[in-house]
Amino acid sequence: MKRSKKNPIITRRDIPLVKPHLVDVTSVFNPGAVKYKDKYLLLLRVQNRGRETFLMKAVSDNGEDFTVDDRIIRFEGIEKVSKKIYHIYDPRITRLEDKYYIMVALDMENSCRLGLAVTEDFREYRWLGIVSDDDNRNGVLFPEKINGRYLRFDRPNRSRLESGVNSGEAVFLSDSDDLRHWRPLVSVLEGRRHYWDERPGAGPPPVKTTKGWLLVYHGIAEHFRSVNIYQAGAALFDLDNPARLVARSRYNILEPREPYELTGQVPNVVFPSGLIVERYDRNGFAEPDSPVYLYYGAADTSVCRAATTVKELLNTCYEGNDRE
Ligand code: BMA
């Protein structure tokens, strides 16, 4: 992937003053991304010096120079949730049935849950509810129903790390008939011990290609013990049956290398969360030659962009897999 020369494209200095919460903020990272009305639109995760998290919108004509809105996003109706939500973060945006759905992670007492909101205009956002029964993270909705069901990839957190954080070893496919109640179906992408993606999690929502559903995901290498390394890779799933993994990149496609990825609030992190495909054909498939822009968080500190094409991402899923 080719990093933007303007990286990091959004830093703490780009966040406008919104008193009292956003004054001299600490960091901005892990954005959701979508093309909306011919503009590039990001939902940013902004953190202040109380380590409190806020979502903000940023818009750009060219995908690299963004203007951040001077208001904090509120989900209408979230106040009805009876349990305390400490943080709302890592938004993933999916256009589905002409609406935009935003799947977020929610830090609650002793667990992380998935939450869902919907918007039609990126001005007003309606809260739909908590949409995972168990501890779960990295939920991404598919952009269409398949065989009459809504689908998502998610990552149930079924193990407790030494750090006390709950995490998971595999990405799952889950389905639903109302977007609110979800049923985990099957594990579809397992961590590969000893390699770059020991713990995987979906990145941005999957992209429909003629070869299958293309997913950029993150993998954590944790065998270095003293530090976890977050990288990005790609996987391909069957079009009609996304429970079937077709191919998966042996190598990562983006890893922490630049100073802004190697150092920061959490060092050695590239966290892919937004992806924009420029061109789709008339049947809704991403065009092979289309540019693809990946938006990612760098070191939990800033927002960056890297570019490739649909074809290159598909090729990488197969690369090196013929060798032992
Ligand atoms: C993950 C998530 C991400 C974060 C990453 C690196 O578990 O919390 O939001 O970017 O860790 O700290």
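In what follows, the structure referred to is the one given above.
Nothing here was measured: the structure is a model prediction, and the numbers come from that model.

A. Expanded view of the pairing of strand β22 (residues 270-277). Burial analysis of β22 places 8 of its 8 residues in the buried class, the great majority of the element. Pairing analysis gives 7 bridges linking β22 to strand β23 (residues 291-298), with the strands arranged antiparallel. Paired with Phe-271 across the bridge in β23 is Gly-297.

B. Main features of the nonpolar core. Counting 24 residues, the largest nonpolar core has Leu-214, Leu-254, Leu-275, Val-277, Tyr-296 and Leu-313 as the members making the most contacts within it. Contributions of two or more residues to this core are made by β19 (212-221), β20 (229-237), β22, β23, β24 (302-309) and α2 (310-318). Core analysis: the second largest hydrophobic core is formed by 22 residues, Ile-10, Val-18, Leu-22 and Val-46 among them.

C. Examining the side chain of Lys-208 more closely. Its location among the elements puts Lys-208 in strand β18 (residues 207-209). A relative accessible area of 15% places Lys-208 in the buried class. One polar contact links Lys-208 to Glu-144, side chain to side chain, over a distance of 3.2 Å. Lys-208 has contacts with Glu-144, Trp-213, Leu-239, Tyr-280, Asn-283, Gly-284, Phe-285 and Ala-286, leaving out every residue within four places of it along the chain.

D. Representation of the pattern of salt bridges in the model. Applying the stated criterion across every chain, the model contains 23 salt bridges. Across the salt bridge formed by Asp-197 and Arg-192, the nearest N and O atoms sit 2.8 Å from each other. Note on Arg-192: relative accessible area 23%, which makes it partly exposed. Put simply, Glu-222 and Arg-199 hold a salt bridge, and the shortest N to O gap is 3.0 Å. Of this pair, Glu-222 sits in the loop between β19 and β20 while Arg-199 sits in strand β17 (residues 199-202), and the two are 23 residues apart along the sequence.

E. Inspection of the site of the ligand at higher detail. Taken together, Asn-30, Arg-45, Asp-90, Arg-137, Tyr-230, Val-266, Val-269, Phe-271 and Asp-300 make up all the residues around the ligand. For the ligand, an oxygen atom lies 2.6 Å from a polar atom in the side chain of Asp-90. Taking Asp-300, its side chain carries an N or O atom lying 2.7 Å from an oxygen atom of the ligand. Against a free-state accessible area of 310 Å², the protein chains account for coverage of 83% of the ligand. Classifying every residue of the shell around the ligand by side-chain character gives 4 nonpolar, 1 polar and 4 charged.

F. Molecular detail of the side chain of Arg-152. The topology assignment puts Arg-152 in strand β12 (residues 150-156). At 2.8 Å, the side chain of Arg-152 forms a polar contact with the side chain of Asp-154. Leave out the neighbours within four places in its chain, and Arg-152 touches Met-103, Leu-114, Val-131, Ser-132, Asn-136, Val-140, Leu-141, Phe-142, Phe-172, Leu-173, Ser-174 and Trp-182.

G. A look at the sheet that holds strand β11 (residues 136-141). The sheet built from 4 strands is open, its strands ordered β11-β12-β15-β16 with antiparallel pairing. Every other strand in the sheet has two partners, leaving β11 and β16 (183-190) as the edge strands with one partner each. Pairs of neighbouring strands in the sheet enclose a mean axial angle of 30°, with direction left out of account. Summarising the sheet, strand β15 (residues 170-176) and β16 pair through 6 bridges and their orientation is antiparallel. From the neighbouring strand, Ser-174 faces β16, where its bridge partner is Pro-184.

Definitions and cut-offs
- Residues numbered from 1 in each chain as written.
- Predicted model: local features only at pLDDT ≥ 70, side-chain atom pairs only at ≥ 80, totals over all residues.
- Heavy atoms only, no water.
- Buried < 20%, exposed > 50% of the residue type's maximum accessible area, 1.4 Å probe, protein only.
- Helix = DSSP H or I, 4+ residues; strand = E, 2+ residues; numbered from the N terminus.
- Pairing = 2+ DSSP bridges.
- Core = buried A, V, L, I, M, F, W, Y, C linked by side-chain atoms within 4.5 Å.
- Polar contact = N/O pair within 3.5 Å; in protein donor to acceptor, adjacent residues only side chain to side chain.
- Contact = heavy atoms within 4.5 Å.
- Salt bridge = Lys/Arg side-chain N within 4 Å of Asp/Glu carboxyl O.
- Near = heavy atom within 4 Å.
- Areas by Shrake-Rupley, 256 points an atom, 1.4 Å probe, with all protein chains shown as cover.
- Nonpolar A, V, L, I, M, F, W, Y, C, P; charged D, E, K, R; others polar.
- Axes fitted to C-alpha atoms, helices over the stretch in contact; angles between N-to-C directions.

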